[in-house]
Amino acid sequence: MEQHYDLVMVAYSFVIATLAGYCGIEMTARIRAAAPEEKGRWIIAGAFAFGTGVWSMHFMGMAALTLGVPVSFDLWITAASWLVAVVVSAIGFYVIRDGVRLLSWLVASVLMAAGVCLMHYGGMYAMRMLPGIEYRPVLFWTSAAIALGASGAALLIMTWLRASHRWTHVAMRLGAALVMAVAVTGMHYTGMAAAIFAPGAYCSPSNELSDAWTILGLVMAGTAAVSLSQWWALLK
């Protein structure tokens, strides 16, 4: 099946990933600086913001793909993929709330990577393609390896960088966010490259999310949520 990407939307997905990464770094600093009784609130806020940002990047990357047939998504599977992104983000923030130890870092990295893969390939499954999507094994497992590396690196980056408004520290956090964005988008587009769409395949007509503006609205809402969470963190 013929397929190509809208490069503007691909670029936008990278911007979303960068914003999510920067937000995750800021939220980690807030979590670690918070009093013990306040950490839970910040973990929830951070998980919502970072998880929604990663999910929005994924959804924009999906919307950027043109298959030559109308593309739509199952509403409940799509919602479940968002929930997975938020839950695995909460796991990550919980683990690094007071610092990182080797065993906890390894376990959290594996869990987050599994969650990212579940979010991505669950989001692909939400298309409900008929016949179903098949995957190239090498690229499939490469995307899983990238997810593991990205999860581990994200936890370390978010732990090491401290909150500061000096321009040099802000520049370091922005650079780290760009590194995280490269890893996240790399996993996504490697996973997309692994997909094999059969000739004549089409999305299930029962899918609820079929209007392009609805899909774009969901992504924009997710991006706005991350932005608002970021500003809220900075004003605290």
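Details of the structure are given in the entry above.
Residue indices begin from 1 for each chain and proceed along its sequence in written order. Thresholds applied to this predicted model are a pLDDT of at least 70 for local features of residues and 80 or more for the giving and counting of side-chain atom pairs; totals over whole chains, interfaces and linings are not thresholded and use all residues. For side-chain calculations, the full set of non-hydrogen atoms in the structure is used, while hydrogens and water are omitted.

A few words now on the overall build of the protein chain. Elements are defined by DSSP. Helices are runs of H or I of four residues or more, strands are runs of E of two residues or more, and each kind is numbered from the N terminus. The secondary structure content of the protein chain amounts to seven helices and six strands. Along the chain direction, N to C, the helices and strands of the protein chain fall in the order β-α-α-β-α-α-β-β-α-α-β-β-α. Only protein chains enter the accessibility calculation, which uses a 1.4 Å probe; a residue whose area is less than 20% of its type maximum is buried, one above 50% is exposed, and one in between is partly exposed. A buried classification covers 48% of the 236 residues belonging to the protein chain. Any two residues having at least one pair of non-hydrogen atoms within 4.5 Å are treated as being in contact. In the protein chain, the proportion of contacts linking residues at least 24 apart, taken out of those at least 6 apart, comes to 89%.

Moving on to the packing of helix α4 (residues 102-125) against helix α5 (residues 137-160). Axes here refer to lines fitted to C-alpha atoms; in helices the fit is confined to the stretch in contact. Angles between the N-to-C directions go from 0 to 180 degrees. Relative orientation of the contacting elements α4 and α5 amounts to 130°, with a least axis distance of 8 Å. Compared by their axis directions, α4 and α5 come out oblique. Handedness of the crossing formed by α4 with α5: right-handed. Within the contact between the two elements, α4 uses W105, A108, S109, V110, M112, A113, V116, C117 and Y121 and α5 uses F140, S143, A144, A147, L148, S151, G152, L155 and L156. When residues are grouped by polarity, Ala, Val, Leu, Ile, Met, Phe, Trp, Tyr, Cys and Pro land in nonpolar, Asp, Glu, Lys and Arg in charged, and all others, Gly among them, in polar. Taken together, the residues of the contact of α4 with α5 break down into 14 nonpolar, four polar and no charged. With respect to orientation, any angle under 35 degrees is reported as roughly parallel, any angle over 145 as roughly antiparallel, any angle of 65 to 115 as roughly perpendicular, and every other angle as oblique. The handedness criterion is simple: a crossing whose near helix is rotated anticlockwise from the far helix by less than a right angle is left-handed, and one whose near helix is rotated clockwise is right-handed.

Right, let's talk about the packing of helix α1 (residues 7-33) against helix α2 (residues 39-63) for a bit. Where α1 contacts α2, the two axes come as close as 8 Å, and the packing angle between them is 170°. If you check the angle between α1 and α2, you find them roughly antiparallel. Here the residues of the contact of α1 with α2 sort into 17 nonpolar, seven polar and three charged.

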